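This is what each chain is made of:
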Amino acid sequence: MGYRYFIIPVFIFISSFFVFSANIGGLSIYSLDEAKNSECAREMLERGDLIVPTFNYQLRTDKPPIHYYFMILSYKIFGVNEFSARFFSSFFGALTVLITFLFARRYLGEKVAFLSFVVLTSSLHLSVQFHMAVPDPYLIFFINAALFSFYVGFTEKKRTFLYLFYIFMGLGVLTKGPVAVVLPSVIILLYLFFTKNLSLKNVLLLRPFSGLLLFLAVSLPWYVAVYLKTDGKWVYDFIFRHNIHRFSQPMEGHGGIFLLTFLFVFVGMLPFSVFIIQAVKRVWKDRNNFLLFLMIFVGVYTVFFSISKTKLPNYTVPVYPPLGIMLGYYLSKIDLSSLRSIISSVVFYIFISLTAVVGLYFGIKSEPPISDLSYLSFWFLILVFGGILSLFFFLKKNYTMGILSLSVFSIFMGFVFFYKAFPPVDKRNPVMQMLPLIKKDAEIVYYRNFNPAFVFYLRRHIKPVEKNQIGKILSENERVYILTRKRYLKDFGKFENAYVLKVVKDLFEKKISALVSNRRQ
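Quick caveat, the model's predicted, so the values are computed rather than measured.

A. Highlighting the packing of helix α18 (residues 381-395) against helix α19 (residues 399-426). As a packed pair, α18 and α19 sit with axes 7 Å apart at the nearest point and diverge in direction by 170 degrees. Here α19 runs roughly antiparallel to α18, going by the angle between their axes. Counting all contacts with α18, which are made through Ile382, Leu383, Phe385, Gly386, Gly387, Leu389, Ser390, Phe393 and Phe394, the residues of α19 involved are Tyr399, Met401, Gly402, Ile403, Ser405, Leu406, Phe409, Ser410, Phe412, Met413 and Val416. By residue class, the composition of the contact of α18 with α19 is 14 nonpolar, six polar and no charged.

So, in structure tokens, the structure goes:
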């Protein structure tokens, strides 16, 4: 093996991390999920408690602890801030691209592997996912690492990879729960069935007994510990509310039709998902056990979350790596016979990009806090220019430059988005607008409901107050702030010393945040 064999993976990792970490410290922790996860890790660090997750010092049963642990480690290295909350998300994003490259190179060669890397780093949605302080980046890595390890271990009869499969699956369960076991198990079962390998002999080759012990040794101790420390409440709420209920009922308004999940995958994998139909056809035509494995992986995940009543774009992101390999395989095979189909797809991409610019313009225009920033939508014309340049090269039969044009402009758009287009929007969120108005060390409480990002930035317990306590709180001699929502301001109307300091609509949500105090600023 030459020097090049090792240096390319290093390049893949470093460049992927560069893309996925763009301005991770320059954007506020504002979204509900980021705020709760980041604060939960901070509180666990503050208490020195690695077992019980809390948000606003109350039990949080949404997610297991792996991402909290990595955030805690990052907080210890870099301090508690936006960069450290997101650092390991970007790191695991780069690791995901790296293992995808290595997996594709092992079975399809370096050209397909490199094109897979190009496809994945060109996805703006994937970049957004790996920018966020949430458990998904970790789950994406562990799911793919587990299934890639299974394939290598089973097809090459390598015990080390089989044990890695069980370890990664256990870590996946510590990241997001049973989904990290259920879906990989279905994928493996279907793969063995369709390749006529479903037999007792082959099942035993997977070392299920020693593997199960290893899996339990990784995943079970924390679940037992949290069960004992919370008298079973954490485990009960997590299993029934955040898993079974999410699958059987739409939660927090995130429902939708069956095809919505397929649309999520298509939009999420742009620009190269415009070739997804051609890629599926080519993979099916040339199918071997490896390509069949990729198709089963993508199909099981997509169909499962299409059936699920709760639908979110991040649920199907684990299929991006195997789908990226499928798209990379197709791109490696394009020739003159593919030209007409390719040109049609690129024209469609240009249309989608133009539609996105128009949609963003009017979408921002209709959002009161940022309506004057509608001009930012024009940054997305970068994608249109990339599509037009790609079309030019494909018409000239320069396939390499056609592919690179789509990729380079999409990656460039990502940097523009994180450094130029989104920061002005981010500064308009209610948390960033209201924090400067809150005096340090003043008492802060909330009434009925508030934006959770305040807890992360204020770094203290924000206690709730009831309606009958409002008068007493406002009559205190010292300054006090009450975080609430605009819809509840009517409950403050009869108090002369209730001063509404700021009312700001939450970005892209129906809720409107309000800040009330017993003093004028």
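B. Main features of the sheet that holds strand β4 (residues 463-465). Strand order in the open sheet formed by five strands is β4-β3-β5-β7-β6, and the pairing between neighbours is mixed. Here the strands that pair on one side only, and so sit at the sheet edges, are β4 and β6 (499-505). When the angles between neighbouring strand axes are averaged without regard to direction, this sheet yields 30 degrees.

C. Expanded view of the nonpolar core. Membership of the largest hydrophobic core comes to 121 residues, with the highest contact counts inside it found for Phe103, Phe150, Phe272 and Phe275. Tallying contributions element by element places helix α7 (residues 136-156) first for this core, with 14 residues. Those residues in contact with phenylalanine 150 that lie beyond four places of it in its chain are Leu162, Phe165, Ile188, Tyr191, Leu192, Leu206 and Phe293. By size, the runner-up hydrophobic cluster in this structure holds 38 residues, among which are Met44, Met71, Leu373 and Val431.

D. Up close: a positive patch on the surface. Taken together, the side chains of Arg448, Arg487, Lys490 and Lys511 present a region of like positive charge at the surface. Relative to the helices and strands, lysine 490 resides in the loop between β5 (480-485) and β6.

E. Examining the packing of aromatic side chains more closely. Evaluation of the coordinates by the stated rule reveals 64 aromatic pairs. On the numbers, 4.9 Å between centres and 90 degrees between planes, the contact of phenylalanine 304 with phenylalanine 305 is edge-to-face. Here phenylalanine 305 falls in the buried class, since its relative accessible area comes to 10%. In this structure, arginine 459 is placed above the aromatic ring of phenylalanine 456, and the distance from its NZ or CZ to the ring centre is 6.0 Å.

F. Representation of the side chain of arginine 105. Within the secondary structure, arginine 105 is located in helix α4 (residues 82-108). Contact partners of arginine 105, with chain neighbours within four places excluded, come to Tyr5, Pro9, Glu110 and Ala113.

G. View of a nonpolar patch on the surface. A contiguous nonpolar patch, built from Leu212, Leu216, Leu220, Val224, Tyr227 and Leu228 and spanning about 540 Å² of accessible area, is present on the exposed surface. Mapped onto the fold, leucine 228 is located in helix α11 (residues 208-229).

H. Main features of the pattern of salt bridges. Evaluated as defined, the whole model comprises 16 salt bridges. In this structure, aspartate 49 engages lysine 229 in a salt bridge whose closest nitrogen and oxygen atoms are separated by 3.8 Å. Of this pair, aspartate 49 sits in the loop between α2 (32-47) and β1 (54-55) while lysine 229 sits in helix α11, placing them 180 residues apart in sequence. Residue class for lysine 229 comes out exposed when judged on its relative accessible area of 52%. Taking the shortest distance from any N to any O, the salt bridge between lysine 158 and glutamate 156 comes out at 3.4 Å. One continuous salt-bridge network, built from bridges that share partners, spans Glu39, Arg42 and Glu46.

I. Representation of the environment of proline 208 in the model. Secondary-structure assignment places proline 208 in helix α11. On the basis of relative accessible area, proline 208 is assigned to the partly exposed category, the value being 25%. The spatial distance from the C-alpha of proline 208 to the C-alpha of serine 332 is 37 Å, given a sequence separation of 124 residues. Look past the residues within four positions of proline 208 in its chain and what remains in contact with it is Tyr166 and Val203.

J. Geometry of the packing of helix α14 (residues 276-285) against helix α16 (residues 320-333). Where α14 meets α16, the axes come as close as 9 Å, and the angle between the chain directions of the two elements is 85 degrees. One way to sum up the angle between α14 and α16 is to call them roughly perpendicular. Of α16, the residues touching α14 (which contributes Ile276, Gln278, Ala279, Val280, Arg282 and Val283) are Leu323, Met326, Leu327, Tyr329, Tyr330 and Lys333. Residues that form the contact of α14 with α16 fall into these classes: nine nonpolar, one polar and two charged.

Thresholds, definitions, all that
Residues numbered from 1 in each chain as written. Predicted model: local features only at pLDDT ≥ 70, side-chain atom pairs only at ≥ 80, totals over all residues. Heavy atoms only, no water. Axes fitted to C-alpha atoms, helices over the stretch in contact; angles between N-to-C directions. Helix = DSSP H or I, 4+ residues; strand = E, 2+ residues; numbered from the N terminus. Parallel < 35°, antiparallel > 145°, perpendicular 65-115°, else oblique. Contact = heavy atoms within 4.5 Å. Nonpolar A, V, L, I, M, F, W, Y, C, P; charged D, E, K, R; others polar. Pairing = 2+ DSSP bridges. Core = buried A, V, L, I, M, F, W, Y, C linked by side-chain atoms within 4.5 Å. Buried < 20%, exposed > 50% of the residue type's maximum accessible area, 1.4 Å probe, protein only. Patch = residues over 30% accessible without salt bridge, like charges linked within 9 Å, V, L, I, M, F, W, Y side chains within 5 Å. Areas by Shrake-Rupley, 256 points an atom, 1.4 Å probe, with all protein chains shown as cover. Salt bridge = Lys/Arg side-chain N within 4 Å of Asp/Glu carboxyl O. Lys, Arg positive; Asp, Glu negative; His and termini not counted. Charge placed at Lys NZ, Arg CZ, Asp CG, Glu CD. Phe/Tyr/Trp six-rings, centres within 6.5 Å; stacked < 30°, edge-to-face > 60°. Lys NZ or Arg CZ within 6 Å of the ring centre and 35° of its normal.

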